[in-house]
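If you want the building blocks of each chain, they are given just below.
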Amino acid sequence: MSVNRRWTSGMLATEDWWSVWIGLALYAASLASLAGADLVGWMPRPRTWEWTDLTQAFAWSKLFAPAGAAYVAWHPLASWLTAYVVLTALLAIGARCQRVDVGRFVAGFSVLYALTWVAWLAGNELHLTTVDATVDGRNRYREAALSWGLKLGEGAPYLLALGVGLIIGNFAKGLAARLAEAAKPEWFIKTAIVFLGVNLGAQMIQASGFAVQLLVTGAAATFVAYLLFWPIVYTLARRVFRLKRDVSAVLASGISVCGASAAIATGGAIRAKPVIPVAVSMVVVIFAMLELIVLPGAYTALFPDQPVVNGAALGMTVKTDGADAAAGALLDDLMRAAHVAATGEQWQPGWILSASILTKLWIDVFIGVWAFVLALVWVYKVEKRAGAVSISPMEIWFRFPKFVLGYFVACLSYLAIAAAWPAQAAALASGTGVVAGPVRTLLFMLTFVAMGTITDFSKLRGMGKLALLYALALVFVIAPIAYGVAYLFHRGLMPPLGN
Amino acid sequence: MSFPELVLTYERDRWRATGLGLDVTHAELRGLEWLLTTLLAERGAPPRVHLRFDSSALPTWLRQYHAHYCNYVLEIAPAEGR
């Protein structure tokens, strides 16, 4: 019997569903704060530190400490170890259900976890992060008497994590191969996105108009990706690059819609040889990495006064969920650092990231419908095989990105709890703040390291035509149109002020 | 509705279908489907079979992006004389 005939199939067997289960399990644990219990406060939260101060009088507590007040007496290393055990156990259970080699997964994850923390802690050194600006009457740069600083804000750990991953992926390929079983950036980021549902809920309480604007832009982004980018790229591939129909369709989906997942969905829908989406996905993953490296810094430098436009534009331009969310997080931190340095105003964190994520999620949601439409077009028009082959509409559900459900369950349940028990607002914020804060950031950091680890730029060799088409489409079609659409909807929109 | 099932994979540049006592390969999917319909019609198989692509045939690093490749139903025309 086919496992794919029941709508419930895959619920315990795919990383997409496991991001929902792990995300919602930790979120549910955080809600114990409503009953006065702190089940997630063991999570360590890094602190900013200064090199001379630390080396003169070393203390782990200067680097990080438990996030919850109930765990303040814990030694920092105990909280670090607890976080390692809990996360490894949850992910290992998911890996076992996905029939991954659990021993290799745990070994690889342990290395990634350690590297991630090294990058996270190192990236919080004041010379890397602190901006020379007075906020709420304090200038931490001056207080620390720093003689120099990179002033990267909270983006510094992400850049270090990415650097560590890329060095492994490109210069220590033996190690990268050994980490491959655990280097799952899509799983890490999808779990983190479930936690971001909490942030969206909090943002909707604070400014419901903002969320509505993001939803409208998301709808426009969906139209642009499927009905504008796709036909343009497909036509370019067919007419200019003379690629075959199936290669053109898979490539058009990969470049225009949502990266590797769209390439695979389209390849499956039109029943292309799997080598086609595999090749296209390799190109997509490498270009997504280039976009992640270039775009946040470029948008920060070129359009410093358009934070939300920049976030939404990233959501339409950067393919793969991991790269988009990572780029959104980096943009959020770089833009806030640049803004505070220029004006002394502190934008609240997370709003630029939300713009990036929500725009992308809208596009993701419709990939199943698009793949189904392409499947019908291929059967009835291209192959003319009506009556010989039939496709079930259930394929739409099988292709639906399930982590989006987790994201909205977290968001809507947060809103419902906040509305039902307004007196419990502080308790709600303290518990969920841990999963939406340091736990979510840890998963983002893991994503940066894992993405770098699986990105091998040498794989672009031999991909000449595909890579050239991708580059041309990105620079002359996707990026400018995406920016134009984002500007149309969000120009002048600013995140609220505050920490 | 459930139909008898064949498992589809792609290995060494060839499509392969296994199940219902068959193990058939072909370089092109259409050629594989023609072989299947012929063989199944000769055996008097039911009019429809379900082809499920085994996603474990995709590279491990790729499956995290999308864990589902394709499923579809192949119609089997009865063999002449049946």
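Up top you'll find the structure we're talking about.
All of the points below concern the structure found in this document.

Calculation criteria
Note on numbering: residues in each chain are counted from 1, in written sequence order. Whichever chain is written first is A, and whichever ligand is written first is 1; the rest continue in order. Only residues with pLDDT of at least 70 are given local features in this predicted model, and only at 80 or more are side-chain atom pairs given and counted; all residues enter the totals for whole chains, interfaces and linings. Remark: hydrogens and water are excluded; side-chain values derive from all non-hydrogen atoms of the structure. Think of it this way: any DSSP run of H or I at least four residues long counts as a helix, any run of E at least two long counts as a strand, and we number them from the N terminus. Accessibility here uses a 1.4 Å probe with only protein chains present; expressed as a share of the type maximum, an area under 20% marks a residue as buried, one over 50% as exposed, and anything in between as partly exposed. In what follows, residue pairs with any heavy atoms lying within 4.5 Å of each other are defined as contacts. Areas reported as accessible are Shrake-Rupley estimates using a 1.4 Å probe. Residue values count occlusion only from the protein chains shown. Positive residues here are Lys and Arg, negative ones are Asp and Glu, while His and the chain termini are left out of the count. Just so you know, the charge point we use is NZ for Lys, CZ for Arg, CG for Asp and CD for Glu. Salt bridge, as applied in this entry: a Lys or Arg side-chain nitrogen positioned within 4 Å of an Asp or Glu carboxyl oxygen. Lines fitted to the C-alpha atoms define the axes, with helices restricted to the stretch that makes contact. Angles between their N-to-C directions range from 0 to 180 degrees. If an angle is under 35 degrees, it is roughly parallel; if it is over 145, roughly antiparallel; if it lies from 65 to 115, roughly perpendicular; otherwise it is oblique. Charged means Asp, Glu, Lys or Arg here, nonpolar means Ala, Val, Leu, Ile, Met, Phe, Trp, Tyr, Cys or Pro, and polar covers whatever is left, Gly included. Each patch is built from salt-bridge-free residues with over 30% relative accessible area, joining like charges within 9 Å and nonpolar side chains (Val, Leu, Ile, Met, Phe, Trp, Tyr) within 5 Å. Defined here as a combined quantity, buried area equals the accessible surface (1.4 Å probe) lost by two parts on assembly, summed across both. Whenever two N or O atoms come within 3.5 Å, that pair is a polar contact, provided that in protein one can donate a hydrogen and the other can accept it, and provided that, for residues adjacent in sequence, both atoms are side-chain atoms. Whether two aromatic rings pair depends on their centres lying within 6.5 Å, for rings of Phe, Tyr and Trp, where Trp uses its six-membered ring; planes under 30 degrees apart make the pair stacked, over 60 edge-to-face, and the rest tilted. To form a nonpolar core, buried Ala, Val, Leu, Ile, Met, Phe, Trp, Tyr and Cys residues must be joined to one another through side-chain atoms within 4.5 Å. Any helix carries an expected span of 1.5 Å times its number of residues minus one. A strand pair is defined by DSSP finding two or more bridges across the two strands. For any helix crossing, the convention is left-handed if the near helix is rotated counterclockwise from the far helix by under a right angle, and right-handed if that rotation is clockwise.

Looking only at helices and strands, chain B features 2 helices and 5 strands. Shown N-terminal to C-terminal, the secondary structure of chain B runs as helices and strands in the order β-β-β-α-β-α-β. Dimensions of chain B along its principal axes, counting C-alpha atoms only, are 50 × 30 × 20 Å. Going through the 82 residues of chain B one by one, you find that 45% of them count as buried. When contacts within chain B are restricted to residue pairs at least 6 apart in sequence, those whose partners lie at least 24 apart make up 46%. Surface summary for chain B: the accessible area is close to 4,100 Å², and the carbon and sulfur share equals 51%. For chain B, the distance from the average site of its 9 positive side-chain charges to the average site of its 10 negative ones is 3 Å.

Looking now at the pattern of salt bridges. Applying the stated criterion to the full structure yields 19 salt bridges over all chains. Between A:Arg336 and A:Glu154 there is a salt bridge; the shortest N-O distance is 3.2 Å. Placement of A:Arg336 in helix α16 (residues 321-343) and of A:Glu154 in the loop between α7 (140-143) and α8 (156-171) is noted, with a sequence separation of 182 residues between them. The salt bridge partner of B:Asp23 is B:Arg16, with a shortest N-O separation of 2.7 Å. For B:Arg16, a relative accessible area of 27% translates into the label partly exposed. In the salt-bridge network here, residues are joined through shared partners; they are A:Glu154, A:Asp332, A:Asp333 and A:Arg336.

All names here are of chain A. Its place among the elements puts Gly259 in the loop between α12 (245-258) and α13 (260-269). In this structure Gly259 comes out as buried when scored by relative accessible area, which is 0%. Separated by 24 residues in sequence, Gly259 and Val283 have C-alpha atoms that sit 9.4 Å apart. Beyond its immediate sequence surroundings of up to four residues, Gly259 is in contact with Ser253, Gly254, Val284, Lys319 and Thr320.

Turning our attention to the packing of helix α1 (residues 15-30) of chain A against helix α21 (residues 425-454) of chain A. Residues and elements named next belong to chain A. In contact at an axis separation of 7 Å, α1 and α21 are set at 140° when each is read in the N-to-C sense. Classified by the angle their axes make, α1 and α21 are oblique. For the pair formed by α1 and α21, the contact residues are Leu26, Tyr27 and Ser30 on the first element and Gly431, Thr432, Val435 and Val439 on the second. Residues of the contact of α1 with α21, tallied by class, amount to 4 nonpolar, 3 polar and no charged.

To continue, consider a nonpolar patch on the surface. All names here are of chain A. Together, Val212, Val216, Leu488 and Phe489 line one region of the surface with nonpolar side chains, adding up to about 350 Å² of accessible area. Here Leu488 is to be found in helix α22 (residues 464-490). By relative accessible area, Leu488 is classed as exposed at 60%.

Now for the interface of chain B and chain A. Counting residues at the interface gives 32 residues for chain B, matched by 42 residues for chain A. Buried surface at the junction of chain B and chain A, both sides included, amounts to about 3,200 Å², of which 57% is carbon and sulfur. Looking at the side of chain B facing chain A, the largest losses of area belong to B:Gln64, B:Tyr65 and B:Tyr69, adding up to 25% of the total buried there. Here chain B is connected to chain A by 3 salt bridges. One salt bridge in this structure joins B:Glu28 and A:Lys273, with 3.2 Å as the shortest N-O distance. In this assembly, chain B and chain A are joined by 15 residue pairs in polar contact (both at pLDDT 80 or more).

Bringing the packing of aromatic side chains into the picture now. All names here are of chain A. Across all of its chains, the model carries 33 aromatic pairs over all chains by this definition. Where Phe109 meets Tyr113, the ring centres are 6.0 Å apart and the plane angle is 40°; that geometry is what we call tilted. Note that Phe109 and Tyr113 are positioned in helix α5 (residues 102-122) at a spacing of 4 residues, about one turn of the helix. With respect to class, Phe109 is no different from Tyr113; both count as buried. Considering the side-chain rings of Trp117 and Trp120, the 4.6 Å spacing of their centres and the 45° angle between planes classify their relative orientation as tilted. Taken together, the residues Trp117 and Trp120, both in helix α5 and 3 residues apart, mark about one turn of the helix.

Let's shift gears to the nonpolar core. Ranked by size, the top nonpolar core spans 173 residues in total, and within it A:Met43, A:Ile193, A:Leu292, A:Phe444, A:Leu466, B:Leu8 and B:Leu36 carry the most contacts. Setting aside its immediate chain neighbours within four residues, A:Leu292 contacts A:Leu162, A:Ala323, A:Ala326, A:Ala327, A:Leu330, A:Phe448 and A:Met451. Counting 8 residues, the second-largest nonpolar core is a separate cluster that includes A:Tyr27, A:Ile417, A:Leu428 and A:Ala436.

To continue, consider α8(A). In this model α8(A) runs 22 Å from its N-terminal to its C-terminal C-alpha over 16 residues, within 8% of the 22 Å that 1.5 Å per residue would give. Buried residues of α8(A): A:Ala156, A:Pro157, A:Tyr158, A:Ala161, A:Leu162, A:Gly165, A:Leu166, A:Ile168, A:Gly169 and A:Asn170, and no others.

Turning next to the pairing of strand β3 (residues 22-26) of chain B. All names here are of chain B. Relative to β3, strand β2 (residues 14-19) is paired through 5 bridges, and the arrangement is antiparallel. Residue pairing for β3: Ala17 is matched across the bridge by Val24. What sits between the antiparallel neighbours β2 and β3 is a turn of 2 residues, in which Leu20 has the positive phi angle 55°.

Another aspect to go through is the packing of helix α14 (residues 275-302) of chain A against helix α15 (residues 307-317) of chain A. Helix-helix packing: each pair is described by the crossing angle between the helix axes and the interaxial distance. Residues and elements named next belong to chain A. For the pair α14 and α15, interaxial distance at closest approach is 11 Å and the crossing angle is 160°. Here α15 runs roughly antiparallel to α14, going by the angle between their axes. Considering how the two elements wind past one another, α14 and α15 form a crossing that is right-handed. Between α14 and α15, the contacting residues are Glu291, Leu295 and Tyr299 on the first element and Asn310, Ala313, Leu314 and Thr317 on the second. Here the residues of the contact of α14 with α15 are counted per class, giving 4 nonpolar, 2 polar and 1 charged.

Attention now moves to the pairing of strand β4 (residues 48-53) of chain B. Residue and element names in this part refer to chain B. Of all 6 residues that make up β4, 5 are buried, and the element is covered over most of its length. Pairing of strand β1 (residues 5-11) with β4, which is carried by 4 bridges, proceeds in the parallel orientation. Looking at the pairing, Leu6 lines up with Leu51 of β4. Sheet analysis places β4 next to strand β5 (residues 71-75), joined by 5 bridges and oriented antiparallel. Its bridge partner lying in β5, Arg48 is registered against Glu75.

This brings us to the side chain of A:Ser33. Residues and elements named next belong to chain A. Relative to the assigned elements, Ser33 resides in the loop between α1 and β1 (44-46). Taking the relative accessible area as the measure of exposure, Ser33 reaches 11% and is therefore buried. Looking at Ser33, its side chain comes within polar contact range of the main-chain oxygen of Ala427, at 2.8 Å. Not counting chain neighbours up to four residues away, the residues in contact with Ser33 comprise Ala427, Leu428, Ser430 and Gly431.

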